[in-house]
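Each chain is listed here by its residues.
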Amino acid sequence: MNDRETVRLCKALADENRLQILHLLKNGELCACHLLDDLHITQPTLSHHMKLLCDCGLVDNRKEGKWMHYSIAKDAGKKISAIITEYLGEE
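Starting from 1, residues in each chain are numbered consecutively following that chain's sequence as written. With pLDDT at 70 or above as the cut-off, local features in this predicted model cover only qualifying residues; side-chain atom pairs require 80 or more to be listed or tallied, and sums for whole chains, interfaces and linings still use all residues. Hydrogen atoms and water are omitted, and side-chain values are computed over all heavy atoms in the structure.

1. As for helix α1 (residues 3-13)
And step 1. Throughout, exposure labels follow a simple rule: accessible area from a 1.4 Å probe, protein chains only, divided by the maximum for the residue type, with under 20% read as buried, over 50% as exposed, and the rest as partly exposed. In DSSP terms, a helix is any run of H or I states spanning at least four residues, a strand is any run of E spanning at least two, and both are numbered starting from the N terminus. Of all the positions in α1, only T6, L9 and A12 are classed as buried. End-on, the buried residues of α1 take up no more than an arc of 125°, which puts them together on one face. Exposed residues lying more than 90 degrees from the buried face of α1 are D3, R4 and K11.
And step 2. Each element contacted by the buried residues of α1 is listed here: α2 (16-25), α4 (43-55) and α5 (76-88).
And step 3. For this analysis, a polar contact is any N or O atom pair within 3.5 Å, provided that within protein one partner can donate a hydrogen and the other can accept it, and provided that sequence-adjacent residues contribute only side-chain to side-chain pairs. Regarding α1, its N-cap is N2, as a side-chain oxygen of that residue lies 3.0 Å from the backbone nitrogen of R4 further along. In this context, the arc is that of the directions from the helix axis out to the C-beta atoms. Residues count as neighbours in contact if any of their non-hydrogen atoms are within 4.5 Å of one another.

Below you can see the structure in the form of structure tokens.
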């Protein structure tokens with residue numbers, strides 16, 4: 001992972017709403033409608049957060065009908081661990 005990708009991922013994690021989204025997704029895929037209900041934010045705000053999480057590779061999405069469904073990307077934990085290892089020397 002290069003520095004630009006690392007910064008993008010760290011910025012994605014540096015927001016309370018995005019951390020709450022990851023917490024909600026840790027047990028499996030959720031429809032955007034459920035995320036909206038749990039977070040009490042507007043649809044455009046959710047879309048903004050989800051774009052950032054998807055662009056940095058932490059979250060995957062798929063469309064079903066009019067709704068998007070989101071899940072934590074398979075290698076999200078590895079990406080975060082790689083950053084810690086690279087910059088802090090820990091695993």
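What follows picks up the thread again.
2. Quick notes on the sheet that holds strand β2 (residues 59-64)
And step 1. Two strands pair if DSSP finds at least two bridges between them. Overall, antiparallel pairing links the 3 strands, which are arranged β1-β3-β2 in an open sheet. Each edge of the open sheet is held by one strand with a lone partner, namely β1 (30-31) and β2.
And step 2. As paired elements, β1 and strand β3 (residues 67-72) share 2 bridges and run antiparallel to each other. Across the sheet, the residue bridging to C31 is H69, located in β3.

3. Points about the pattern of salt bridges
And step 1. We define a salt bridge as a side-chain nitrogen of Lys or Arg found within 4 Å of a carboxyl oxygen belonging to Asp or Glu. With the rule as written, the count across this model stands at 3 salt bridges.
And step 2. In this structure, E29 engages R62 in a salt bridge whose closest nitrogen and oxygen atoms are separated by 2.8 Å. With a gap of 33 residues between them, E29 in the loop between α2 and β1 and R62 in strand β2 connect regions that are remote in the sequence.
And step 3. On the basis of relative accessible area, R62 is assigned to the partly exposed category, the value being 35%.

4. Things to note about the side chain of R18
And step 1. Mapped onto the fold, R18 is located in helix α2.
And step 2. When charges are counted, Lys and Arg contribute as positive and Asp and Glu as negative, whereas His and the chain ends are disregarded. Nearest to the buried, unbridged R18 among oppositely charged side chains is D15, at 4.1 Å.
And step 3. Side-chain polar atoms of R18 contact the side chain of H49, separated by 2.9 Å.
And step 4. Setting aside chain neighbours within four positions, we find R18 in contact with K11, A12, H48, H49, L52 and L53.

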